Amino acid sequence: MILKSIRLRNFRAHENSEIQFDDRANLLVGPNGAGKTNILEAIYMMCLSRSFLTSSDRYVLRKDAPHFEIEGVFESEKRVPIKVRVAFVPGEGKKIFVGGAPLDRFSELVGRFPVVIFSPEDQQLTSDGPEVRRRFLDNIISQTSSVYLDHLLRYGKALKQRNELLQISRKRRTAPDPMLPESWTEELIRHGSHLILARHKFVTDFSNHLESAYQKIGTVVERPSLSYDPFSDTSLQQLDLIKSDQSGADIVWSIDRIQDLFRIEIARKAASERDRGITLVGPHRDDLEMSLGLLPVRRFASQGQHRTFGMSMKLAQYEYLKERNSEKPILLLDDVFDNLDPMRIGAFLDILGSNAIGQSITTAARKEIVHDHLNGMSCHTIEVCSGGHVQPSLLEIALEL
Amino acid sequence: MQFTSETVESLVDQFARLPGIGRKTARRLAAFVLKLPKSEVEQMAKALIAVKEKVVFCSVCFNVTDHDPCPICASSKRNHEIICVVEEPNDVMAIERTHGFNGVYHVLGGAISPLDGIGPEDLRIRELIGRVNGKSGAVTSEPMVKTKEVILAVNPSVEGDTTAYYISQLVSPFGIKVTRLAQGISVGSDLEFTDEATLTRALEARVSV
């Protein structure tokens, strides 16, 4: 997928900006606060219906403006142009149009315009709490499977309802009707087990991509790995799964089996759920364990290893989406080069220049950071001045080797 | 912008309370009412009042009706062995429009939703169990027949799913067949343009031919 052009009206720093993009590498340069990241934010919103920085549309509205609007023209690999328009009016909410037709549900948008963003926040992937990693999982699997997204949205609703029910019964200190909690538990399990199975499959498929991505950026040969254990050992033992694992037989993950485990686990935590009034079992509490060699990244990795791991995850995300989509994702890179050592910048630009990557849009405070490492690769440079004014750079760089 | 008349403005306020009506549409409706002859406005007002004065709930199926029991429950031509459970009266109308169902109905009045403060006791679930159990407490002229099938025609939402599960658990001990409406591809649409989530559900609920 290629983004040919974008137009922003009253979007953050941009009053009225129009930008044309090249089909390959693009570089947005300009001082801090000029609105470079805002452009990536708008592109991301056209692809996935929401910002990667804030959950509220009100905050991206330019100060005192009555509404904001993003209009973009995409082009598929088959050269078919598709117009996407996002419009937001406070009080009336956001509307998204694809090819002129309004979307009934924003979830219809997800996956049509695959996108991957690298940003300074990627470090949180390895250093912060499990929520960041669940978001990563959900983002990438949703972009490849609308079935997953459907289960995810329904799971979220069922979870809210079940928590409310737990809260109510805690306040009343009674649970007069045992059938009612069971009904919500079943609904939770119905959707949650699909999420668990999809996440399990994802981690298995993703590991190869992660390993090869890590080798491309990293210099040391530690092996990165991911593991995903949605259930406690206790419940696994109850189903004799651990025994079968020790005998060498592969554990076959199936919906039925996950549902059984889910039920065991919920039954085990029933008392604490009643006490605390929240759902304590399920994919909303999942985590993804990341390791280098045998050591967990979160506790043992150095700053450099954290950074490399985070970038590898994103690069692997790109490869994973590319493999599963008919379209190459659009790659957005926000400020990633400013704090990177020259060797990693070089390695990364090599990847951007190779045919493996389609269109990329990068932001940097100074163009030298990128230009000094271009090695003959051409890069469409766009200057963003303060106040969001945009102009193509007078100097189109195409350095010879 | 405001109307120069407070009376008109208060009519706009009333219209704007209706579901799906924004302020703009409310103004347009108010302007339309202004232009109507008085007799027609009176008719409209009468219809509104009558809804509250004359309409009652059927004591058997809890659908809205002018006469209790409702024409469907009172009809001897309908098959009283099959009960179709729906959330709202509008759903009865939707199924009636198909002319493909000859059983009777049971209107729950919503779906189980803790967030909206709706529990099973707020819905007509106990009454449904009474019906299938043959112990209808209401004073009715419904012929005493044994229920053979309960069709759950609730919405395919998280709340509808849960309500369906809840009811099915209560009804199945009576040895009555409990079914749920099929979910999947809408008639007249192309397989190619059906979204994956719907298609997956259709695959799961496939039938042999």
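Residues numbered from 1 in each chain as written. Chains lettered and ligands numbered in written order. Predicted model: local features only at pLDDT ≥ 70, side-chain atom pairs only at ≥ 80, totals over all residues. Heavy atoms only, no water.

With that out of the way, let us pick up the overall build of chain A. Assigned secondary structure in chain A consists of 13 helices and 16 strands. Radius of gyration (C-alpha) of chain A: 23 Å, near the 21 Å computed for a compact globule of 401 residues. The principal-axis extents of the C-alpha atoms in chain A amount to approximately 70 × 55 × 35 Å. Here chain A holds 401 residues, and the buried ones make up 52% of them. For chain A, the proportion of contacts with a sequence separation of at least 24, taken over those separated by at least 6, is 71%. (Helix = DSSP H or I, 4+ residues; strand = E, 2+ residues; numbered from the N terminus. Rg over C-alpha atoms; globule rule 2.2 N^0.38 Å. Buried < 20%, exposed > 50% of the residue type's maximum accessible area, 1.4 Å probe, protein only. Contact = heavy atoms within 4.5 Å.)

Moving on: the confidence of the model for chain B. Residues and elements named next belong to chain B. With 94% of its residues at a pLDDT of 70 or more, chain B shows a mean pLDDT of 89. Of all helices and strands in chain B, the one with the weakest mean pLDDT is helix α8 (residues 196-204) (85), whereas strand β4 (residues 104-107) scores best (97). Complex prediction metrics read pTM 0.85 and ipTM 0.79. (pLDDT = per-residue confidence, 0-100.)

What follows deals with the domain arrangement of chain A. Residue and element names in this part refer to chain A. Partitioning chain A into structural domains gives domain 1 (1-114 + 326-401) and domain 2 (122-324). Once you take the C-alpha centre of each, domain 1 and domain 2 turn out to be 31 Å apart. Contacts between the two partners involve 22 residues from domain 1 and, on the opposite side, 18 residues from domain 2. Summing the contributions of domain 1 and of domain 2, the shared interface buries around 1,800 Å²; its carbon and sulfur component is 68%. Contact with domain 2 buries surface across domain 1, with Pro 329, Arg 344 and Ile 351 losing the most and accounting together for 28% of the total. Counting every contact that joins domain 1 to domain 2 gives zero salt bridges. Inspection of the domain 1/domain 2 interface yields four residue pairs in polar contact (both at pLDDT 80 or more). At the level of elements, α1 (36-48) and α12 (342-353) are the ones that each hand at least two residues to the side of domain 1 that touches domain 2. In terms of residue count, the dominant contributor to the side of domain 1 that touches domain 2 is α12 (five residues). Residues belonging to the side of domain 1 that touches domain 2 are distributed by class as follows: 14 nonpolar, five polar and three charged. (Domains from an automatic or database assignment. Buried area = accessible area lost by both parts, 1.4 Å probe. Salt bridge = Lys/Arg side-chain N within 4 Å of Asp/Glu carboxyl O. Polar contact = N/O pair within 3.5 Å; in protein donor to acceptor, adjacent residues only side chain to side chain. Nonpolar A, V, L, I, M, F, W, Y, C, P; charged D, E, K, R; others polar.)

This part covers the pairing of strand β12 (residues 330-334) of chain A. Residue and element names in this part refer to chain A. Most of β12 is tucked away, with five of its five residues classed as buried. Strand direction decides the pairing type here: strand β8 (residues 115-118) and β12, joined by four bridges, are parallel. Considered in β12, the bridge of Ile 117 is made with Leu 332. Bridging between β12 and strand β13 (residues 360-364) involves four bridges; their strand directions are parallel. (Pairing = 2+ DSSP bridges.)

With that settled, consider the interface of chain A and chain B. Contacts between the two partners involve 22 residues from chain A and, on the opposite side, 20 residues from chain B. Between chain A and chain B the total buried area reaches about 1,900 Å² when both faces are included, carbon and sulfur atoms providing 60% of it. Salt-bridge contacts for Arg 190 of chain A lead to Asp 161 of chain B; the nearest nitrogen and oxygen are separated by 2.4 Å. Linking chain A to chain B there are eight residue pairs in polar contact (both at pLDDT 80 or more). Elements supplying a minimum of two residues to the side of chain A that touches chain B: α4 (146-172) and α5 (179-217) of chain A. In terms of residue count, the dominant contributor to the side of chain A that touches chain B is α4 of chain A (11 residues). Here the side of chain A that touches chain B is composed, by residue class, of seven nonpolar, five polar and 10 charged.

Moving on to the environment of Leu 29 of chain B. Residues and elements named next belong to chain B. By the secondary structure assignment, Leu 29 is in helix α2 (residues 23-35). Residue Leu 29 is classed as partly exposed on the basis of its relative accessible area of 29%. Sequence separation between Leu 29 and Ala 16 is 13 residues, and the spatial gap between their C-alpha atoms is 9.6 Å. Contact partners of Leu 29, with chain neighbours within four places excluded, come to Phe 15 and Ile 21.

Our focus in this paragraph is the state of the cysteines. All names here are of chain B. Summed over the entire model, instances satisfying the criterion amount to zero disulfides over all chains. Cysteine Cys 58 remains unbridged, with the sulfur of Cys 61 as its closest cysteine sulfur at 3.7 Å. On the basis of relative accessibility, which here comes to 0%, the residue Cys 58 falls in the buried class. In this structure Cys 70 is a free cysteine whose sulfur lies 3.7 Å from that of Cys 73, the closest cysteine sulfur available. (Disulfide = S-S within 2.5 Å.)

So, about the pattern of salt bridges. Residue and element names in this part refer to chain A. By the definition in use, this model includes 35 salt bridges over all chains. Note that Arg 79 and Asp 23 form a salt bridge whose closest N and O atoms lie 3.9 Å from each other. In this pair, Arg 79 sits in the loop between β4 (68-75) and β5 (81-89) while Asp 23 sits in the loop between β2 (14-20) and β3 (25-29), placing the two residues 56 residues apart along the sequence. Taking the relative accessible area as the measure of exposure, Asp 23 reaches 24% and is therefore partly exposed.

Residues and elements named next belong to chain B. Its 13 residues place the ends of α2 19 Å apart at the C-alpha level, agreeing with the 18 Å of an ideal helix rising 1.5 Å per residue. Among the residues of α2, Ala 26, Ala 30 and Val 33 are the ones counted as buried. For α2, the buried positions fall inside an angular range of 60 degrees around the axis, keeping them on one side. Set apart from the buried face of α2 by more than 90 degrees, the exposed residues are Lys 24, Arg 28 and Lys 35. Where α2 is buried, its residues contact α1 (6-16) and α3 (38-54). (Expected span 1.5 Å × (residues − 1). Arc of directions from axis to C-beta.)

A word on a nonpolar patch on the surface. A contiguous nonpolar surface patch, about 320 Å² in accessible area, is contributed by Val 51, Val 55, Phe 57 and Val 64 of chain B. Turning to its location among the elements, Val 55 of chain B is positioned in the loop between α3 and β1 (56-57). (Patch = residues over 30% accessible without salt bridge, like charges linked within 9 Å, V, L, I, M, F, W, Y side chains within 5 Å. Areas by Shrake-Rupley, 256 points an atom, 1.4 Å probe, with all protein chains shown as cover.)

Glancing now at the sheet that holds strand β9 (residues 224-227) of chain A. Residues and elements named next belong to chain A. Across the sheet, which stays open at both edges, the three strands sit in the order β9-β10-β11 with antiparallel pairing between neighbours. A single partner strand is all that each edge strand has here, and the edge strands are β9 and β11 (295-296). Pairing geometry for strand β10 (residues 289-292) and β11, over two bridges, is antiparallel. Within β11, the position partnered with Ser 291 by the bridge is Pro 296.

Attention now moves to a negative patch on the surface. A grouping of Asp 104 and Glu 108 of chain A together with Asp 195 and Glu 196 of chain B is seen on the molecular surface, where their side chains present a negatively charged patch. Among the structural elements, Asp 195 of chain B can be located in the loop between β6 (177-180) and α8. (Lys, Arg positive; Asp, Glu negative; His and termini not counted. Charge placed at Lys NZ, Arg CZ, Asp CG, Glu CD.)

Residue and element names in this part refer to chain B. Taken together, four strands build an open sheet; the order of strands is β4-β3-β5-β6 and the sheet is parallel. Each edge of the open sheet is held by one strand with a lone partner, namely β4 and β6. The mean inter-strand angle of the sheet, taken between neighbouring strand axes irrespective of direction, is 25 degrees. Across four bridges, strand β3 (residues 82-86) lies against β4 in parallel orientation. Its bridge partner being in β4, Ile 83 is matched across the sheet by Val 104. The strands that helix α5 (residues 89-96) touches are β3 and β4; relative to β4, the one it contacts most, it runs at about 155 degrees. The sheet strands contacting helix α7 (residues 158-171) are β3, β5 (149-152) and β6, and the helix crosses β6 at an angle near 170 degrees. (Axes fitted to C-alpha atoms, helices over the stretch in contact; angles between N-to-C directions.)

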